[in-house]
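Listed below, chain by chain, are the residues.
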There are 2 protein chains.
Amino acid sequence: MNITIIGTGLIGASMALDLKQRGFARHITGVDKSPAHLQKALQLGLIQSAMTLEAAVAQSDIIVVATPVDSLTELVPQVLSLVNEKQVVLDVGSTKKAVLDAVKKHPRRGRFVATHPMAGTEYSGPEAAISNLFVGKCCVLSDIHESDADALGICQKLYASLGMHTTTLDGEAHDLHVAYVSHISHIASFALALTVLEKERDENRIFELASGGFQSTVRLAKSNADTWVPIFRQNRDHVLDVLDEFINTISRFRTLLIKRDFQTFETLIRQANDIRRILH
Amino acid sequence: MNITIIGTGLIGASMALDLKQRGFARHITGVDKSPAHLQKALQLGLIQSAMTLEAAVAQSDIIVVATPVDSLTELVPQVLSLVNEKQVVLDVGSTKKAVLDAVKKHPRRGRFVATHPMAGTEYSGPEAAISNLFVGKCCVLSDIHESDADALGICQKLYASLGMHTTTLDGEAHDLHVAYVSHISHIASFALALTVLEKERDENRIFELASGGFQSTVRLAKSNADTWVPIFRQNRDHVLDVLDEFINTISRFRTLLIKRDFQTFETLIRQANDIRRILH
């Protein structure tokens with residue numbers, strides 16, 4: 001397979017690396033509006049060639065669009081307009097409804113598969129690419145009934161080659177789910193980092209004590225604004241709902257502390273411990 | 001050295017393991033009000049013998065009190081009343097002011113060193129003990145001017161043998177710092193877990209998508225209530241202050257989403273990214 005990756009950031013470049021190493025791709029072409037990223041991806045051997053979007057699409061079996069989610073609504077229809085009835089286009093965005101709406105009436109809609117490989121790190125750019133990023137993780141395929149059967153099949157083979165299992169969710173359900181299991185974690189982490197950084201102005205030794213627990217909750221606060229602002233913009237309504245619930249819950253802990261009701265505090269901790277059932 | 005560990009949970013038992021393996025301790029005696037814990041610690045080879053508190057203290061050079069913080073205010077004075085002018089007593093609690101106040105007027109005050117090795121995991125009990133838990137981490141020594149020089153010296157050698165570096169903070173400053181870099185992370189994590197578990201009642205597939213980012217922010221929600229409720233009880237005032245600041249910060253993100261002010265949202269994310277400076 002000849003594959004084009006549009007957007008050679010963490011996800012696109014990690015995918016490029018594994019698709020080539022695992023033999024699914026014969027040749028990977030990179031497309032990126034940043035010449036520096038493209039240069040870096042070539043230099044690191046993540047892609048084998050760099051081209052303009054039109055030239056790359058013309059010679060590819062599969063086109064993966066791996067740019068920030070705000071550009072998908074323009075880019076995906078643009079790429080679809082360039083492909084024939086055998087080529088396959090997929091996106092890897094963290095929100096699904098907006099891109100699905102953008103291609104709804106496109107004459108080549110069937111060649112598109114909306115996907116979200118649930119994997120990543122807090123780093124970004126081609127230099128953040130790592131091998132085996134996707135192994136054992138889950139990839140969501142959305143609104144698959146709108147995709148041609150052969151396009152869907154190729155897409156499933158691609159993710160299988162990366163070591164992922166796939167699940168299906170319609171775009172709306174996907175966006176709600178990820179607000180809970182991903183987006184809110186990022187906001188909590190940004191807010192924790194800001195709270196402690198603010199305090200650091202008065203207490204400059206505060207980070208001397210930062211231990212493993214702090215590091216794991218604040219790790220996501222390193223995440224890139226260029227990736228995340230478009231996600232929060234597109235998934236604003238779901239994120240707001242979850243944020244309200246989170247603020248309510250954390251305010252409950254506050255009220256219990258104020259009232260010194262440590263018995264209910266303990267009950268809540270034991271309920272939260274139930275997360276052990278899910279995360280091992 | 002003969003060492004007694006009172007409280008054979010995660011911290012006490014991990015310490016026992018390393019102090020013996022690294023040759024600092026010749027023999028470790030365990031004391032625990034739970035016979036099951038004591039039995040387990042013996043069985044796992046974490047301690048070499050089990051005794052009553054009085055018998056254990058009588059034959060030890062160093063006594064480490066590693067119980068939940070609410071019991072320290074009684075236990076540490078009790079142990080101090082049993083030691084002579086050569087023995088050393090130290091606690092390893094996550095709060096320092098309460099235990100320091102409890103020993104303030106004790107005739108053997110000088111034999112006590114208040115410490116907090118900043119290390120741990122989300123698991124508890126002797127079966128959670130691991131080797132090298134303390135390596136490269138920071139241990140806080142509080143109000144060291146109240147300890148005899150030789151007791152302090154022995155304590156510093158003990159932590160050096162575990163691979164820790166030490167720092168000093170008075171009890172009040174310690175409790176404020178850990179509210180920021182540890183206690184608030186735990187509350188945020190408990191609240192996140194509860195928010196998502198609550199949603200799971202309606203949406204039973206929600207955890208299918210839980211990825212690495214979610215796991216790292218929610219990891220601390222597995223933490224043991226028996227350890228943490230006493231910490232929140234003792235450090236209530238500092239935790240409340242930090243919690244208010246955290247709620248304010250997260251409410252700011254909420255307001256920005258409501259207003260669709262994504263420019264300021266981006267500025268806040270870039271400020272939060274400054275955490276990269278501290279956590280590598």
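Residues numbered from 1 in each chain as written. Chains lettered and ligands numbered in written order. Predicted model: local features only at pLDDT ≥ 70, side-chain atom pairs only at ≥ 80, totals over all residues. Heavy atoms only, no water.

Caption draft 1: Spotlight on the packing of helix α9 (residues 225–234) of chain A against helix α11 (residues 262–272) of chain B. Two elements in contact, α9 of chain A and α11 of chain B, have axes separated by 10 Å at closest approach and are oriented at 140°. Accordingly, the angle class assigned to the pair α9 of chain A and α11 of chain B is oblique. Between α9 of chain A and α11 of chain B lies a crossing of right-handed hand. The segment α9 of chain A lies against α11 of chain B, with A225, D226, W228, V229, F232 and R233 of chain A engaging F262, F265, E266, I269 and R270 of chain B. (Axes fitted to C-alpha atoms, helices over the stretch in contact; angles between N-to-C directions. Helix = DSSP H or I, 4+ residues; strand = E, 2+ residues; numbered from the N terminus. Parallel < 35°, antiparallel > 145°, perpendicular 65-115°, else oblique. Left-handed = near helix turned anticlockwise from the far one by under 90°. Contact = heavy atoms within 4.5 Å.)

Caption draft 2: Molecular detail of the relation of the copies chain A and chain B. Of the transformation placing chain A onto chain B, the axial shift is 0.0 Å and the rotation is 180°, giving an RMSD of 0.0 Å. Considering both components of the superposition, the chain copies are consistent with a two-fold axis. Within chain A, the C-alpha atom positioned nearest to the axis of rotation is that of T217 of chain A, 2.2 Å from it. Same-surface contact between copies: 100% of interface residues of chain A are shared with the interface of chain B. (Least-squares fit on C-alpha atoms with pLDDT ≥ 70 in both.)

Caption draft 3: Molecular detail of the packing of aromatic side chains. For the structure shown, the criterion picks out 13 aromatic pairs over all chains. Measuring from ring centre to ring centre gives 5.6 Å for W228 of chain A and F232 of chain A, while their planes differ by 40°; the resulting arrangement is tilted. Taken together, the residues span about one helical turn, with W228 of chain A and F232 of chain A both in helix α9 at a distance of 4 residues. There is no split in this pair, since W228 of chain A and F232 of chain A are both buried. Ring plane angle 75° and centroid distance 5.1 Å describe the contact between F253 of chain A and F265 of chain A, whose orientation is recorded as edge-to-face. Placement of F253 of chain A in helix α10 (residues 236–259) and of F265 of chain A in helix α11 (residues 262–272) is noted, with a sequence separation of 12 residues between them. Under the relative-accessibility criterion, F253 of chain A is labelled buried at 0%. Three or more aromatic residues joined by ring pairs form one cluster here, namely F190, W228 and F232 of chain A together with F253, F262 and F265 of chain B. (Phe/Tyr/Trp six-rings, centres within 6.5 Å; stacked < 30°, edge-to-face > 60°. Buried < 20%, exposed > 50% of the residue type's maximum accessible area, 1.4 Å probe, protein only.)

Caption draft 4: Representation of the interface of chain A and chain B in the model. At the junction of the two partners, chain A supplies 87 residues and chain B supplies 87 residues. Between chain A and chain B the total buried area reaches about 8400 Å² when both faces are included, carbon and sulfur atoms providing 71% of it. Seen at the junction of chain A and chain B, the total is 6 salt bridges. D226 of chain B is the salt-bridge partner of R270 of chain A, the closest N and O atoms lying 2.9 Å from each other. Viewed at the interface, chain B and chain A are joined by 34 residue pairs in polar contact (both at pLDDT 80 or more). The element best represented in the side of chain A that touches chain B is helix α7 (residues 171–200) of chain A, accounting for 20 residues. (Buried area = accessible area lost by both parts, 1.4 Å probe. Salt bridge = Lys/Arg side-chain N within 4 Å of Asp/Glu carboxyl O. Polar contact = N/O pair within 3.5 Å; in protein donor to acceptor, adjacent residues only side chain to side chain.)

Caption draft 5: Main features of the nonpolar core. Among the nonpolar cores identified, the biggest contains 140 residues, and F232 of chain A together with F232 of chain B are the most heavily contacted of them. Every residue in contact with F232 of chain B, bar those within four places of it in the chain, is listed here: L257, F262, F265 and I269 of chain A together with H183, H186, I187, F190 and V239 of chain B. Within the second largest apolar cluster, 38 residues are counted, among which are L17, V113, A151 and L158 of chain B. (Core = buried A, V, L, I, M, F, W, Y, C linked by side-chain atoms within 4.5 Å.)

Caption draft 6: Broad picture of the domain arrangement of chain A. All names here are of chain A. One can read the domain layout of chain A as domain 1 (2–169) and domain 2 (174–277). A separation of 31 Å is found between the C-alpha centroids of domain 1 and domain 2. Facing 17 residues of domain 1, the contacting portion of domain 2 comprises 16 residues. Overall, the association of domain 1 and domain 2 removes approximately 1400 Å² of surface from exposure, summing both partners, and the carbon and sulfur fraction of that is 61%. Counting the surface domain 1 buries against domain 2, the share from its top three residues, T95, E122 and L169, is 39%. Where domain 1 meets domain 2, there are 1 salt bridge. Connecting domain 1 to domain 2 are 8 residue pairs in polar contact (both at pLDDT 80 or more). Elements with a contribution of two residues or more to the side of domain 1 that touches domain 2: α4 (69–80), α5 (97–103) and β7 (138–142). Taken together, the residues of the side of domain 1 that touches domain 2 break down into 7 nonpolar, 6 polar and 4 charged. (Domains from an automatic or database assignment. Nonpolar A, V, L, I, M, F, W, Y, C, P; charged D, E, K, R; others polar.)

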